[in-house]
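Structural characterization, general
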Amino acid sequence: MIGPTPRSVGTPPAHRLPRWVLAFLGFAAALAALVFLSPVFGSVRIPWHVVVAIVLHQVTGGAFPTAPCGSPSFLSLYFFESAVTREGTARLLSGLSTSYGARQCAIWTTIAWDARMPPLLLAVFAGAALGISGGALQGTFRNPLVDPYLLGLSTGAAVGAAVLFTFNLAPAQQAAALPLLAFCGGLVPGLVVYLAARGGGRSVETLLLTGVALNFLFSAILDLLLLYRPSSNINVNFWLLGGLGDASWTHDAIVLSALLLGGTAIGLYGRELNILQLGSDVAESVGVDARRVTRRIVLVTTVLTATAVAFTGVIGFVGLVSPHIARRFVGPDYRRVLPVVALVGAVFLTLSWDIAETVISPIVLPVGIPTAFVGAPFFLYLLYRRRGRAVGGPT
Amino acid sequence: MSGAASSGLRADRATVRYGARVAVRSVSLEVTAGELLALAGPNGSGKSTLLRAMVGLVPLADGTISYDGRTVEVQPLRERARTIGWMPQEEEAGENVSLEQYVEYGRYAHIPPFSAAGAQDRRAVASALAAVDLSRFSDRGMRELSGGERQRARLARVLAQESPVLLLDEATSHLDMGHQLDILARVRSIARQEGRAVVLALHDINLAARFADRVAVLSRGHLVATGPPSEVLSSELFAEVWGVVAQLRRDPTSGLPYLVPELPRAARPSRRPGRSAARVHVVGGGGSASAILRRLSDDGFEVSAGVLHLFDSDTVVADELHVPTALEAPFAPLGADSRRRNGELLDTADAIVVAPFPVGPSNLANLHDLLPRVRRTPIALVAPPSGIPWDYADGAGTAAREALLLAGAESLPGVEAVEGWLRGCLLATVPDDGVPTTRANR
Amino acid sequence: MSLNPSSAGPRNVSGSVFLVAILITAGVAVAATAGYYTLFPAAVGGPPGPHVTVLDDSDRTVTAPVNATRIVVLAPNVMDLVYRLNLRDRVVGIGCTTGIAGGMLNEYTPNQTTDWNLTPAMCITDFPTLDTETIANLSTQLVLASTLTYASDVATLTDTFHIPVVILAPADLGGIITDVRLLAELFPVVGTTALSLEAHLGAILNNASDLVTSLSYNDTPAPSVLLTYYFYEDGYGAYGQNSFGESLVALAGGNSISSNLTFEYADLNATVVLSDQPNVILYGTSWNDEWIVDGQDPGAWTSSAPYWSQLNGTKIPVDVTLITEPDASMIFYLPWLEHWFYPTIVPAPLA
């Protein structure tokens, strides 16, 4: 993998931040900007400065601006008035009626914050979860083509969803039951691989192939279920394509918790992942318990990804492409790659969600479509751009 | 069990199986601190497997491997890594990290779990890099190093582990000669100065003999010999284990033994029944004829040489090739006996080749004795390389040479032309199967 | 350099340290979430004014403002009732399939758009996703939906935007009268209109059932009927058990040949139709062949419906909305069905 020219440990050039710190800050800034600006996108047009004011107001707990809507305050009124004037809406009365303005602003606040923010945050957290899982798995399996669904997770979760739709379980609480079943379904193949890894003496190639076999098996089970009740086909397929529109604050909190737990656990293995790249024999001779690290990473990524997938459906490419992007900016050291890849995944999925909401507005695309449309060409670009550059020196 | 002398790595009837195949059969040996033990043997003899068993990567089917009395297998990985360092023959390429970062991987077992590398770790890395002479490349990416540099980098990583035991599997196979000797010398000095026990697996038994304190020879999983090099090395052992016939020599400067394999007999063209090979007599001395002797011998000619002085380097080669030689005492002028013997050889030769030997008063007769035969037998004189003086006989050598050439001898520009000339002048007698024949068969 | 293999080295990462780190992170995450919800509790409360609580067709208890002035209607059959109850002026938005060519006309026939005075500006996308944001942006006070609306969209409207949603989904013709009553509860201002509509519809249904009773009492044979709204290559779209289509046929005194099918909207194999040879075939015609609108153009039926020429029963084209949208218009059409089923006994209704 081409990365920046390695610098020796602990001696960055004076007066300049190390490259990985710049990348981290850059992506963090991009993410923050996206979080503030993405609520602009949707079927109802809200001016971007109104959006920013609303988000700021909510995020600071009402401290700033003090009241975008309702009682007057210089800043809020400034934001609102200029927005309203520029919109030139016919529904506006010529003399600005505070109560009408307040009502409109209240509606805009509800749309921008209560309706658009939960899916957006889900994109951020799920994207980070997929990114860091993909990065960790690529390192563990020493294979750049690995994504978080490697071990059968996507098909397992699809089976879980299909079970719900086919047998019409819990029709009254479907909204709550679907993520639960998808989560359980996604865990099953991962747990099988984890138990296989505990058996000892399994190389990473064997685990990889186990995952592939499980993928096929669960795919067949899925097909059987769909055959049994073809009418559930459309529901399952729609879920499979991935969607963030049903997100709620509760979903966000759950995925965030999983991200913090799982991400921390994975991040602690940065040094071990570096050493694993030399092969499990060498790693063990140097003191790294390669099998235990592999097992733990498989377990944590399975749980983390299953949580994300339970609420978002199967979104491809984020887990595959984000690690490559992160490595291009940060180099091959996993201690630095893992924090950055979480940010990259978050940015990628958030951008895709914005595209999904905007491109054929007011219809919202399933978010798996823009990630593939953006991710695939970008991935090809990365691959073929690499070929043209030779690594200096003999090999 | 205590005291520095008895601490060390010990294999006790270690047996390793891969399925039904036994890779290492009941091997018992011991390496003490400060000692360099070379593990020699042909491919597939079990050297790598034994080293892997010593570091705990493959399980033992029988026997134990222990360090300082404690079995290696039960030690936790981090403790084992601080005790035993293993350098594999090959490893996966890995990412393009900096060399310094790579060597720091060897410090993993010394760095506490949630800490960064400390000053002691950095010092270990720096001295490991210095030991393999790669300090100036510490910023380079691993993928930018050559094969030899990467091998040294691997060794540095293992050295950085600062383990009392070092297991090196073919640590020098990709290196050029200079680096090989250098690295092995450094490894030996590290072993002695730092009191480490080093096991070095090599396929080159001569290198093993040169640097190791003791040599252990493995053949098909069995330990067939252990001991100091001078005791272990022998032609019989070499033939038995490697299946190659070799001569045991002793290095004059160090007194250490080394083995020189003979060329496999099959390289020589086989004799046709009913025919004998052509006879060529080579005149030389001072090392000028060595190459010619070897070549003609390889090509299947029956070679003789003379008159050569004892202890001349050409004599050594002739002796080695079992070439009939007319000999004279060192530095003595050619006497009647040696000249008569030489004459016999000359008269029975189908062709005579004169190497560009330095001519002095003592061997001038070599040229004079050729004159009577110049009409009967094809003679070729290889021209001496220009610019190098060869006539130490006040011009008598040059005169003799001129005389021979005038009388019909050929002049050849160099050693390479000899074979061509020989085949040419024997052409009329060379049948289609290409084996030169004697005059008797024409 | 000294080697000290026996000096105190770093401890192993024990599993317990790992676990403790995870638990601490978990605690922090949970505390943060709890803190958030404490500091920013979900806003509660709807628009001011009097409210009424009703039970809708999906057994949901809904509290809505009385006589709401801004309502959104998501299905044509609901629109029919809304119009007949003089509530059209309160409608600020209608559900349309805007993404597909044809726009509003994918869901409303040209007659419906003129009769009800609908304009494309009123359209709110409802397929494949419902544009809840626009509904909110219109300051909607009440949404009248059908069973075609996704539960998740209903949840978004009620939980995120606090806009009450009433689902009107009559399962049979009697359910249409129930819906009239439901709308009367929500809009007391149309009380009298609702009552008279209710009476009128009730009278038709009562007459129909009386007719059926007397016909069977006289042992008049009931005709076998195929009620179909769509054809495809080897079959016909028909109504199965417990559907309003089945109840329509039954109330008019017919025997639907598809009533044994399990699903409400069922596919009937053309060969079955051919062998059953129903006496009366009512087929739904529409102004276009777009897939989203039921029915096909009359010419298409006669030329392409499977085995059409070999079906010997009386074939009667019907405006497809009258047999696919359960509303008052469907009940008003009932006398015509009675006439077609028993042409000799029941005269054609007056225009």
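Criteria and cut-off values
- Residues numbered from 1 in each chain as written.
- Chains lettered and ligands numbered in written order.
- Predicted model: local features only at pLDDT ≥ 70, side-chain atom pairs only at ≥ 80, totals over all residues.
- Heavy atoms only, no water.
- Disulfide = S-S within 2.5 Å.
- Helix = DSSP H or I, 4+ residues; strand = E, 2+ residues; numbered from the N terminus.
- Buried < 20%, exposed > 50% of the residue type's maximum accessible area, 1.4 Å probe, protein only.
- Axes fitted to C-alpha atoms, helices over the stretch in contact; angles between N-to-C directions.
- Parallel < 35°, antiparallel > 145°, perpendicular 65-115°, else oblique.
- Left-handed = near helix turned anticlockwise from the far one by under 90°.
- Contact = heavy atoms within 4.5 Å.
- Nonpolar A, V, L, I, M, F, W, Y, C, P; charged D, E, K, R; others polar.
- Phe/Tyr/Trp six-rings, centres within 6.5 Å; stacked < 30°, edge-to-face > 60°.
- Arc of directions from axis to C-beta.
- Domains from an automatic or database assignment.
- Buried area = accessible area lost by both parts, 1.4 Å probe.
- Salt bridge = Lys/Arg side-chain N within 4 Å of Asp/Glu carboxyl O.
- Polar contact = N/O pair within 3.5 Å; in protein donor to acceptor, adjacent residues only side chain to side chain.
- Expected span 1.5 Å × (residues − 1).
- Core = buried A, V, L, I, M, F, W, Y, C linked by side-chain atoms within 4.5 Å.
- Pairing = 2+ DSSP bridges.

Residues and elements named next belong to chain C. All chains considered together, the criterion is met by 1 disulfide over all chains. Note on cysteine connectivity: C96 is disulfide-linked to C123, with sulfurs 2.0 Å apart. Given an S-S torsion of about -75°, the disulfide between C96 and C123 has left-handed geometry. A residue pair is termed long-range when its members are at least 10 positions apart, and C96 in strand β4 (residues 91-96) and C123 in strand β5 (residues 123-125) qualify at 27 residues. Overall, the relative accessible area of 0% leaves C96 in the buried class. By relative accessible area, C123 is classed as buried at 18%.

Another aspect to go through is the packing of helix α6 (residues 153-166) of chain A against helix α8 (residues 204-228) of chain A. Residue and element names in this part refer to chain A. Between α6 and α8, the least distance of the axes is 9 Å, while the angle of their chain directions is 20°. Judged on the interaxial angle alone, α8 and α6 are roughly parallel. Considering only the axes of α6 and α8, their crossing is left-handed. Seen from α6, the contacting residues are S154, T155, G156, A158, V159, A162, V163 and T166; seen from α8, they are N215, F218, S219, I221, L222, L225 and Y228. In terms of residue class, the contact of α6 with α8 is built from 9 nonpolar, 6 polar and no charged.

All right, on to the packing of aromatic side chains then. Residue and element names in this part refer to chain C. Tallied over the entire structure, the rule returns 19 aromatic pairs over all chains. Seen from their ring centres, Y283 and W301 are 5.1 Å apart, and the 45° between their planes marks the pair as tilted. A residue pair is termed long-range when its members are at least 10 positions apart, and Y283 in strand β13 (residues 280-285) and W301 in helix α10 (residues 298-304) qualify at 18 residues. Comparing Y283 with W301, the two get one shared label, buried.

Time to look at the environment of G131 of chain A. Residues and elements named next belong to chain A. With respect to the helices and strands, G131 occurs in helix α5 (residues 117-140). It is 9.5 Å that separates the C-alpha atoms of G131 and L349, two residues lying 218 residues apart in sequence. Among residues more than four places away in sequence, those in contact with G131 are V318, S322, P323, V341 and G345.

Residues and elements named next belong to chain B. Within helix α15 (residues 417-425) the residues assigned to the buried category are V418, E419, W421 and L422. Along α15, the residues classed as buried sweep out an arc of 165° about the axis, all on the same side. As for α15, its buried residues are in contact with β13 (279-283), α10 (290-299), β16 (351-354), β17 (379-382) and β18 (410-412).

Much of the literature gives interface size as the accessible area that the parts lose upon coming together. Parsing chain B into structural domains produces domain 1 (8-261) and domain 2 (270-441). Summarising the inter-unit geometry, the C-alpha centres of domain 1 of chain B and domain 2 of chain B are found 49 Å apart.

All right, on to the domain arrangement of chain A then. Residue and element names in this part refer to chain A. Along its sequence, chain A is carved into domain 1 (46-113) and domain 2 (116-388). Every contact between the two is made by 5 residues of domain 1 and, on the other side, 4 residues of domain 2. A buried area of about 410 Å², summed over both sides, lies between domain 1 and domain 2, and 60% of it is on carbon and sulfur atoms. On the domain 1 side of the contact with domain 2, I111, A112 and W113 bury the most area, a combined 79% of that side's loss. Connecting domain 1 to domain 2 are 0 salt bridges. At the boundary of domain 1 with domain 2, the tally comes to 3 residue pairs in polar contact (both at pLDDT 80 or more). Counting residues per element, the side of domain 1 that touches domain 2 draws most heavily on helix α4 (residues 98-115), at 3 residues.

Another aspect to go through is the pattern of salt bridges. Tallied over the entire structure, the rule returns 26 salt bridges over all chains. Its salt-bridge partner being R292 of chain A, residue D289 of chain A comes within 3.9 Å of it at the nearest N-O pair. For R292 of chain A, a relative accessible area of 30% puts it in the partly exposed group. Connected via shared salt-bridge partners are R107, D121 and E162 of chain B.

We now examine α5 of chain A. All names here are of chain A. The terminal C-alpha atoms of α5, which comprises 24 residues, lie 34 Å apart, in line with the 34 Å expected from a rise of 1.5 Å per residue. Within α5, 24 of the 24 residues are buried, which leaves the element mostly enclosed by the surrounding structure. At the exit of α5 stands R142, carrying a positive phi of roughly 50°.

Below, the discussion takes up the side chain of T160 of chain C. Along the chain, T160 of chain C turns up in helix α5 (residues 151-160). Residue classification places T160 of chain C among the buried positions, given a relative accessible area of 18%. The residues contacting T160 of chain C, other than those within four sequence positions of it, are T110, D114 and A115 of chain A together with A155 of chain C.

Here we take up the nonpolar core. In summary, soluble globular proteins display a tendency toward joint burial of nonpolar side chains. Within the largest apolar cluster, 215 residues are counted, with the highest numbers of intra-cluster contacts made by F141 of chain A together with L167 of chain B. With residues up to four places along the chain from it excluded, the contact list for F141 of chain A reads V146, L150, L151, V204, L207, L208 and V298 of chain A.

Residues and elements named next belong to chain B. With respect to the element layout, R80 can be found in helix α2 (residues 77-83). Using a relative accessible area of 10% as the deciding quantity, one classes R80 as buried. Expressed as a C-alpha distance, the spacing of R80 and A61, which sit 19 residues apart in the sequence, is 20 Å. Setting aside chain neighbours within four positions, we find R80 in contact with V55, G56, V72, E73 and Q75.

The partner chain A presents 31 residues to the 40 residues of chain B that form the contact. Taking both sides of the interface into account, the surface hidden between chain B and chain A amounts to around 3,000 Å²; carbon and sulfur atoms contribute 56%. Area buried by chain B at its contact with chain A is led by E95, Y105 and Y108 of chain B, which between them contribute 23% of it. The tally of links between chain B and chain A comes to 2 salt bridges. We note a salt bridge from E92 of chain B to R142 of chain A, for which the minimum N-O separation is 3.5 Å. The tally of links from chain B across to chain A stands at 5 residue pairs in polar contact (both at pLDDT 80 or more).

On to the pairing of strand β1 (residues 8-18) of chain B, then. Residues and elements named next belong to chain B. Bridge analysis of β1 against strand β2 (residues 21-32) gives 8 bridges, and the strand direction is antiparallel. Note on β2: the bridge partner recorded for G8 is T32. Between β1 and β2, which follow one another and run antiparallel, lie 2 residues, and G19 among them has a positive phi close to 65°. As paired strands, β1 and strand β4 (residues 62-67) are joined by 5 bridges and run antiparallel to one another. Considered in β4, the bridge of L9 is made with Y67.

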